[in-house]
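This is what each chain is made of:
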Amino acid sequence: MNALKNKERRPVQKTRSGADSRPSRGHAATKSEPVRQTGRSQEKTIKQAPATAPAETRALLPRSGERPPERVPVILESSGAGDFHLIDSGNALKLEQYGPYRIVRPEAQALWQPSLAAHVWEKADAVFTGDTDEDGMGRWRFSEALGETWPLSLLGIDFLGRFTSFRHVGVFPEQIVHWGWMKNRIEEAKRPVKVLNLFGYTGVASLVAAAAGAEVTHVDASKKAIGWARENQVLARLDKAPIRWICEDAMKFILREERRGNRYDIILTDPPKFGRGPNGEVWQLFDHLPLMLDICRELLSPKAIGLVLTAYSIRASFYSIHELMRETMRGAGGAVESGELVIREAGLDGKTPGRALSTSLFSRWVPA
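Everything in this summary refers to the structure shown in the same document. In this text the structure is predicted, and so the values were computed from the model without any measurement. (Residues numbered from 1 in each chain as written. Predicted model: local features only at pLDDT ≥ 70, side-chain atom pairs only at ≥ 80, totals over all residues. Heavy atoms only, no water.)

**Describing the packing of helix H5 (residues 250–260) against helix H6 (residues 285–299)**
Moving on, step 1. Across the interface, H5 lies against H6 with an axial gap of 9 Å and an inter-helix angle of 35 degrees. In this structure, H5 crosses over H6, and the sense of that crossing is left-handed. Along the contact surface, H5 presents Met 251, Ile 254, Leu 255, Glu 257 and Glu 258, while H6 presents Met 292, Ile 295, Glu 298 and Leu 299.
Moving on, step 2. Residues belonging to the contact of H5 with H6 are distributed by class as follows: six nonpolar, no polar and three charged. (Axes fitted to C-alpha atoms, helices over the stretch in contact; angles between N-to-C directions. Helix = DSSP H or I, 4+ residues; strand = E, 2+ residues; numbered from the N terminus. Left-handed = near helix turned anticlockwise from the far one by under 90°. Contact = heavy atoms within 4.5 Å. Nonpolar A, V, L, I, M, F, W, Y, C, P; charged D, E, K, R; others polar.)

Next up, the structure:
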């Protein structure tokens, strides 16, 4: 297995002080399938809970005080970890290694030509075919019969890979930089740490946090995703770890947690960009993200360690979520660091650095 190789490139400019979910629309989008999109796209939601504001929703709270100092742009880079690395990319495709399998998936941001010869790509074990649109469904073409699932490992956590009809295999390896950061903060805290993982998908981040010693609350509206996460918990030998698996609309959950006065030291949130309810209700990331973050701030404990937001498949600069995070955290001190998550090609051997492929935007508040 490749060792974790994450690099965090800080901006040339020094930190400068500020001058001075899935929903919230009231509703977090509900996912009926534990599937996501490649590149900047995130989870494809088939059946969504109503995106209209529930009766218990609330208005944004007024914020005052200085905006936190900012660190921009921050590029969080991974060149591979555990059983994963990006082999090559180009012609709107990417060639990846997931454990014993090499797979080819669409990647619109790979605008260049592949570095490796065509015959290398042609030897892939699985190729995603069909609708190559970011939100499109398709199917896999296999070079030979493969099992429905196979074991993978990242950051010492064992879990299951699985081919889905939305081109994903159950993990988003670019997130390893956030998971590594979280793991280190939990271990350094030397105290009980509570983690809230919203839109937690197949639970790899939750298992990383639990293995580091945290008490974890994992929220996802997809029963299939929760079921997959529980399978991963068993495979990771963390059956007795303090993890609450909550199958519920994320916005409803955090509104209730706010009323109950529950607090968390670390909050991870990875909302989709779009969802449609069974009755035609629609939720949009740009419309509903402000309230979701506002509630998340209220859920942070007095000794909070961080609030992490990742956004896929949105036509925006990282500055849009960066400035939203700074406004949300007015008066909280600390700092907001924002930028992009990228994965660097590592070649067939997993050790030969190549081009960096952008995967998503992020913004992260951390205390002083």
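Additional details are given in the paragraphs that follow.
**Some thoughts on the pattern of salt bridges**
Moving on, step 1. Counted according to the given criterion, the structure contains 26 salt bridges.
Moving on, step 2. Note that Arg 191 and Asp 265 form a salt bridge whose closest N and O atoms lie 3.4 Å from each other. Of this pair, Arg 191 sits in the loop between helix H2 (176–189) and strand S10 (194–198) while Asp 265 sits in the loop between H5 and strand S13 (266–269); the two residues are 74 residues apart in sequence, bridging distant segments of the chain.
Moving on, step 3. On the accessibility criterion, Arg 191 (30% relative accessible area) is partly exposed.
Moving on, step 4. Across the pair Arg 330 and Glu 327 runs a salt bridge whose closest N-O atoms are separated by 2.8 Å.
Moving on, step 5. Classification of Arg 330 as buried rests on a relative accessible area of 14%.
Moving on, step 6. One network of salt bridges, in which partners are shared, links Arg 67, Glu 70, Glu 323, Arg 326, Glu 327 and Arg 330. (Salt bridge = Lys/Arg side-chain N within 4 Å of Asp/Glu carboxyl O. Buried < 20%, exposed > 50% of the residue type's maximum accessible area, 1.4 Å probe, protein only.)

**With respect to the pairing of S10**
Moving on, step 1. The buried fraction of S10 amounts to four of the five residues, a majority that puts the element mostly inside the structure.
Moving on, step 2. Two elements, S10 and strand S11 (residues 215–220), share five bridges in a ladder whose sense is parallel. Across the sheet, Asn 197 pairs through a bridge with His 218, a residue of S11.
Moving on, step 3. Each parallel crossover has a hand, and the one from S10 via helix H3 (residues 204–211) to S11 is right-handed.
Moving on, step 4. Alignment of S10 against S13, held across four bridges, turns out to be parallel. Across the sheet, the residue bridging to Asn 197 is Leu 268, located in S13. (Pairing = 2+ DSSP bridges. Right-handed = clockwise from strand over helix to strand, strands pointing away.)

**A look at the environment of Val 169**
Moving on, step 1. Summarising the element assignment, Val 169 is placed in the loop between strand S9 (157–162) and H2.
Moving on, step 2. Here Val 169 falls in the buried class, since its relative accessible area comes to 0%.
Moving on, step 3. Contacts of Val 169, omitting those with residues within four sequence positions, involve Tyr 98, Ile 103, Trp 140, Trp 150, Leu 160, Gly 161, Arg 162, Phe 163 and Trp 228.

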